[in-house]
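# A look at the structure
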Amino acid sequence: MSSLRSILVQVLRYVIYVGVYVLLVHRLVLFDLGWCFLYLGFLLFLPINTPIVMQLLLSFAMGLTIDIFYDTGGLHAAAAVGLGFVRPWVLRLLTPRDGYDSVDTVNVHQMGWQWFSVYLTLLVLLHHATFFLLELGSFRHLGLTGAKMLVSALFTSLTLLIVQLLFSPVRRGRQ
Amino acid sequence: MRNLFLFLFRFRGALVFALLEIISLYLFVTNSSYQRPAFFNSANAYAGLVLARRAQVTDYFHLAEMNQRLAAENASLRQQLYLPDTVGREADSVALPPARTDSLKRIRYRRPAARPDTLLLGLKRLPARDPSYPLIPARVINNMLHNVDNYLTLNVGSADGVRPGLGVVAADGVVGRVKVVSEHFATVTSLLHSRTSIASKIKRDGTFGTIRWLGDDPTHALLDNVLRETRLVKGDTVVTSGYNAVFPEGIFIGTIDSFVKESDKNFWTVRVRLSVNFTNLTHVYVVTSRFKAERDTVEARTGLKPEGGGPAR
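Computed from a predicted model, the values in this text were never measured in an experiment.

## Description of the overall build of chain A
For chain A, the helix and strand inventory stands at 7 helices and 2 strands. Going from the N terminus to the C terminus, chain A shows its helices and strands as α-β-β-α-α-α-α-α-α. Residues classed as buried in chain A amount to 35% of the 175 residues present. Taking all contacts inside chain A whose residues are at least 6 apart in sequence as the whole, residues at least 24 apart take part in 68%.

This is the structure we're talking about:
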């Protein structure tokens, strides 16, 4: 019963993240440089013990959905699958001294500011680097692309941080 | 055998990763080729529906601005219709010779259509109601500016007569060309696309060139292939040359903003300020160039381009 419930919760999260991104957030562009990849929140805040294959498939599905809306072929999908592959490595890198509890989720209140900011910055930067370099298809305009990466990473991370602060449970063990 | 399964299981993450990555890169690469239609795109019925709804809502917030623009466009059309002198005016009826069977030899009059049958698009009068070369009005429901390859989505599709490869023009000038068509939606490769290449000419002396987009600035493009011997003037008008049979000849693209000679090239580097403001594009028209099908066939038969059109020159 609880597994069914968690699947339903994930489906709901998927729909909400895609909906908000397509209808609202995609329009927000900072200084022609910064995009907010809000939909990454769905992938980044999946439960820590999600199986790797599941995680990759979800990343692919999420990326492809966004691609269909914005005619980018498989660009978002490629970057998102990359993110899904790297995420377990980063999680392992950041393992607390006594390992993860079974109830641990990616949550500012539970894991602490330091853990959370390193996790978010690392993954978002990696994703944006893949995304913008793939989009360009070459290493021309390196300065512009670098600026896009940094501003977008800042924008995305801040937005996801706000999402966390607003919507993640403070008490441990609720999901 | 057991070892093989163990191996596959142990590296399942990397294997699935590689598989999915290859699929998405394949989709990405086939999509960014200029001509080949991709399977997943926003002409898709469901995505099109969502985007159309979104356009309905956001339209509401731009009503005032949009009204102003349409009023300005109307004014300029009206100016075009009622010319200050009588030179360009069309008669409201045309005299025809008497019919052979008419013994009284009465002169007949025929009224041309009550509505104007040309529309001024990008400095060029285009026939608006010619059934074999339709001019299809469309609404932009999705628009991108800041990517390296930009696309638009329109709310017209094959049901309205749109076909892949047709040109798209706004009142101010060239916008792009249709890439994929579904029944009620169409995606358009914007002029702001890294593979854009539009055969064009300078209106003053007819020098030919090619319009490209460098991927950085949505208000400017590059006019390529202009020989260094050519004399250029700032502010010159650049129009389509009609060589690529996508756009009719003479449709406005932009004006020359600046030009430099680079030492290692045979051509001028000319920056063109685009006439179309891509940031607030709402109403566009899908156009055909006359005789396109026939011309494509004969050029394909000569071996000038592969069947189905090569690069857009």
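Next, the rest of the story.
## Points about the interface of chain B and chain A
Interfaces are frequently sized by the accessible area removed from exposure as the parts join. Contacts between chain B and chain A engage 30 residues on the former and 27 residues on the latter. Of all elements in the fold, only helix H2 (12–32) and helix H3 (45–61) of chain B reach the threshold of two or more residues within the side of chain B that touches chain A. The dominant element in the side of chain B that touches chain A, judged by the number of residues it contributes, is H2(B), at 15 residues. Looking at side-chain class alone, the side of chain B that touches chain A contains 15 nonpolar, 11 polar and 4 charged residues.

## Quick word on the environment of A:Glu135
Relative to the helices and strands, A:Glu135 is located in helix H6 (residues 113–136). Separated by 60 residues in the primary sequence, A:Glu135 and A:Leu75 place their C-alpha atoms 6.8 Å from one another. Setting aside chain neighbours within four positions, we find A:Glu135 in contact with A:Leu75, B:Asn147 and B:Val148.

## With respect to the UniProt feature "transmembrane region" (unreviewed entry) in chain B
In the numbering used here, UniProt assigns the "transmembrane region" (unreviewed entry) feature to residues 7–29 of chain B. Secondary structure over residues 7–29 of chain B splits into 96% helix and 0% strand, and the C-alpha atoms at its two ends are 31 Å apart.

## A look at helix H3 (residues 52–70) of chain A
Across its 19 residues, H3(A) extends 27 Å between first and last C-alpha, which sits within 8% of the 27 Å expected from 1.5 Å per residue. Where H3(A) ends, the next residue or the one after it, A:Asp71, has phi of about 55°, a positive value.

## Considering the sheet that holds strand E8 (residues 173–181) of chain B
Strand order in the closed barrel formed by 6 strands is E5-E6-E9-E8-E7-E16 (chain B), and the pairing between neighbours is antiparallel. Direction aside, the axes of adjacent strands within the sheet are offset by 45° on average.

## A closer look at the nonpolar core
Generally speaking, soluble globular proteins have nonpolar side chains that are buried together. By size, the foremost hydrophobic cluster in this structure holds 98 residues, and its most contacted members are B:Leu154 and B:Val169. Beyond its immediate chain neighbours, meaning those up to four positions away, B:Val169 contacts B:Leu121, B:Gly122, B:Val174, B:Val175, B:Phe247, B:Ile251, B:Val284, B:Tyr285 and B:Val287.

## As for the pairing of strand E14 (residues 252–261) of chain B
All names here are of chain B. Two strands pair when backbone bridges link them, and strand E13 (residues 237–240) and E14 are joined in this way by 3 bridges, in the antiparallel orientation. Residue pairing in the sheet places Val-238 in a bridge with Gly-254 of E14. Across 7 bridges, the pairing between E14 and strand E15 (residues 268–274) is antiparallel. Bridging from a neighbouring strand, Phe-259 pairs with Val-270 of E15. The hairpin turn running from E14 into E15, its antiparallel successor, is 6 residues long.

What counts as what
- Residues numbered from 1 in each chain as written.
- Chains lettered and ligands numbered in written order.
- Predicted model: local features only at pLDDT ≥ 70, side-chain atom pairs only at ≥ 80, totals over all residues.
- Helix = DSSP H or I, 4+ residues; strand = E, 2+ residues; numbered from the N terminus.
- Buried ≥ 20, exposed ≤ 12 C-beta atoms within 10 Å, placed from the backbone.
- Contact = placed C-beta atoms within 7 Å.
- Nonpolar A, V, L, I, M, F, W, Y, C, P; charged D, E, K, R; others polar.
- UniProt positions renumbered as here; feature names shortened; annotations may be inferred.
- Expected span 1.5 Å × (residues − 1).
- Pairing = 2+ DSSP bridges.
- Axes fitted to C-alpha atoms, helices over the stretch in contact; angles between N-to-C directions.
- Core = buried A, V, L, I, M, F, W, Y, C linked by C-beta atoms within 7 Å.

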